[in-house]
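Topology and contacts: notes
Now for the letters of each chain:
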Amino acid sequence: MAGNSFGTLFKLTTFGESHGEALGGIIDGCPSGLIIDFDFVQHELDRRKPGQSNIVTQRKEGDKVEFLSGIFEGKTTGTPIGFIIRNENQKSKDYEHITDAYRPSHADYTYDVKYGSRDWRGGGRSSARETVSRVVAGAIAKLILKKYNIKITAYTSQVGDIKLLKHYSQLDLSTIDSNIVRCPDKLMAETMISRIEQVRKAGDTIGGIISCVISGTPSGIGEPVFDKLHADLGKAMLSINAVKGFEYGSGFEGVKMNGSEHNDQFFIDDKKVRTKTNHSGGIQGGISNGEDIYFRVAFKPVATIMQKQTTINAKNEVVEMMGKGRHDPCVLPRAVPIVEAMAALVLVDQLLRNKTTNL
């Protein structure tokens, strides 16, 4: 299986399966001398871990990270950082009913076609549990970004058709973790939670949108052709399980505007180049322009539902199946730190690449 690495200079390679002994990763290219705040890394993992509330999967995992290399006396050494997160609460028997059946909209069929076999225990490598390694690497990337005063903040902005219409500048983004759905609007959060609970009780699932804002990015970050900053962000987000769409800046709504409306006009503010509007989402020509970078990520409803569905098995026989076990009725609350982590990996990688071209 290829394609388990992400990044160019700051590169993460992940390994492990949902119901294996452990998941983990290797971070290659992390600069030496970075002080690792282990409590912060664990905090980021705690934001992603299962069992946080009644609107996420009830799988109980401590998700404690163990660093194996690349850190000495609390600082990075410049050598590969190896780490693992042990699985503690696997219940493989919950998946015995799909040893030969393909779950609708899952990777079961496509994995079988591509590899000739698959790990049916929780989806194996295709499980969203793989993202635990991304959050560890993302936390370390955030520690690097902190030195540049770059901050990444993601939040739930839509659940089903319940949409937060306020611009991010009108929200108190420090309150995101104050509720279980991670929406920075208390009343909207309560409505979203109620909707998720309603869907969960019906044995169904629901999707939505996560918005993300990156503030403090200096101008000049990004490569102008194939590795455009927004292209790397798009690939990062689309690599997350259940993601169906990515848009930055004005996104698809921008097609409703004329060029005269959409253009971000420049002006000088205290000797700094600024734009009067930010339809570009902080990126022009694939390179950051110093304004806030903002984007939205669409997540589909989780494929595993607690309702009977018709499917086929490995013998091409039509069978009936129903989801079992512990699953998220909505991925958004736990996906917020994953979106932030992947954005952090992109920004750090691009920052390091920029140092090789701009002295």
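Heads up: these notes are all about the structure in this document. (Residues numbered from 1 in each chain as written. Predicted model: local features only at pLDDT ≥ 70, side-chain atom pairs only at ≥ 80, totals over all residues. Heavy atoms only, no water.)

Across its full length, the protein chain holds seven helices and 18 strands. Against the 2.2 N^0.38 benchmark of 21 Å for 359 residues, the protein chain shows a C-alpha radius of gyration of 21 Å, consistent with a compact globule. Considered along the principal axes of its C-alpha atoms, the protein chain spans approximately 65 × 50 × 40 Å. For the protein chain, the proportion of its 359 residues judged to be buried stands at 50%. (Helix = DSSP H or I, 4+ residues; strand = E, 2+ residues; numbered from the N terminus. Rg over C-alpha atoms; globule rule 2.2 N^0.38 Å. Buried < 20%, exposed > 50% of the residue type's maximum accessible area, 1.4 Å probe, protein only.)

The subject of this paragraph is the layout of surface pockets. Estimates place the volume of the second largest pocket at around 680 Å³. Lining the second largest pocket are 28 residues, and of these K163, S211, E247, G249 and R296 sit closest to its centre. If you list the elements that add at least two residues to the lining of the second largest pocket, you get β8 (151-159), β10 (208-215), β11 (243-248) and β16 (293-299). Among the elements that take part in the lining of the second largest pocket, β16 stands out by supplying five residues, more than any other. (1 Å grid on protein atoms, 1.4 Å probe; cavity = no way out; pocket = protein on both sides within 12 Å on 5 of 7 lines; lining within 4 Å. Points joined across faces, edges and corners; volume = space filled by probe spheres on them.)

Positionally, S239 belongs in the loop between α5 (229-238) and β11. Along the sequence, S239 and P104 sit 135 residues apart, while their C-alpha atoms lie 20 Å from each other. Discounting chain neighbours no more than four positions away, the residues touching S239 are R134 and M342. (Contact = heavy atoms within 4.5 Å.)

Here we come to the pairing of strand β18 (residues 318-322). Sheet analysis places strand β17 (residues 308-312) next to β18, joined by five bridges and oriented antiparallel. Paired with I312 across the bridge in β18 is V318. Between β17 and β18, which pair antiparallel and follow one another directly, the connecting turn spans five residues, one of which, N316, has a positive phi of 65°. (Pairing = 2+ DSSP bridges.)

Here the focus is the pattern of salt bridges. Taken as a whole and assessed by the stated rule, the structure comprises 21 salt bridges. Two residues, K49 and D46, come together in a salt bridge whose shortest N-O distance is 3.9 Å. Under the relative-accessibility criterion, K49 is labelled partly exposed at 23%. Between E253 and K256 there is a salt bridge whose closest N-O contact spans 2.8 Å. The exposure class of E253 is partly exposed, given its relative accessible area of 48%. Within this structure, E44, R47, K142, D177, R182 and E340 form a network of salt bridges that share partners. (Salt bridge = Lys/Arg side-chain N within 4 Å of Asp/Glu carboxyl O.)

Time to look at the packing of helix α1 (residues 38-48) against helix α3 (residues 131-147). Two numbers describe how α1 lies on α3: the axes approach to 9 Å, and their chain directions differ by 140°. If you check the angle between α1 and α3, you find them oblique. Seen along the crossing, α1 lies across α3 with a hand that is right-handed. Packed against α1, whose contacting residues are F40, V41, E44, L45, R47 and R48, the element α3 presents T131, V132, V135, V136, A139, K142 and L143 at the interface. Looking at the contact of α1 with α3, its residues break down into eight nonpolar, one polar and four charged. (Axes fitted to C-alpha atoms, helices over the stretch in contact; angles between N-to-C directions. Parallel < 35°, antiparallel > 145°, perpendicular 65-115°, else oblique. Left-handed = near helix turned anticlockwise from the far one by under 90°. Nonpolar A, V, L, I, M, F, W, Y, C, P; charged D, E, K, R; others polar.)

Our focus in this paragraph is the packing of α1 against helix α7 (residues 332-355). For the pair α1 and α7, the least separation of the axes is 7 Å and the interaxial angle reads 140°. Classified by the interaxial angle, the pair formed by α1 and α7 is oblique. Packed against α1, whose contacting residues are E44, R47 and R48, the element α7 presents P333, R334, V336, P337, I338 and E340 at the interface.

Strand order across the open sheet formed by five strands is β1-β2-β3-β7-β4, with antiparallel pairing between neighbours. Sheet topology places β1 (5-6) and β4 (65-67) at the edges, where each strand pairs with a single neighbour. Taken together, the three bridges between β4 and strand β7 (residues 81-86) define a ladder with antiparallel strand orientation. Looking at β7, one finds that F67 is bridged to F83.

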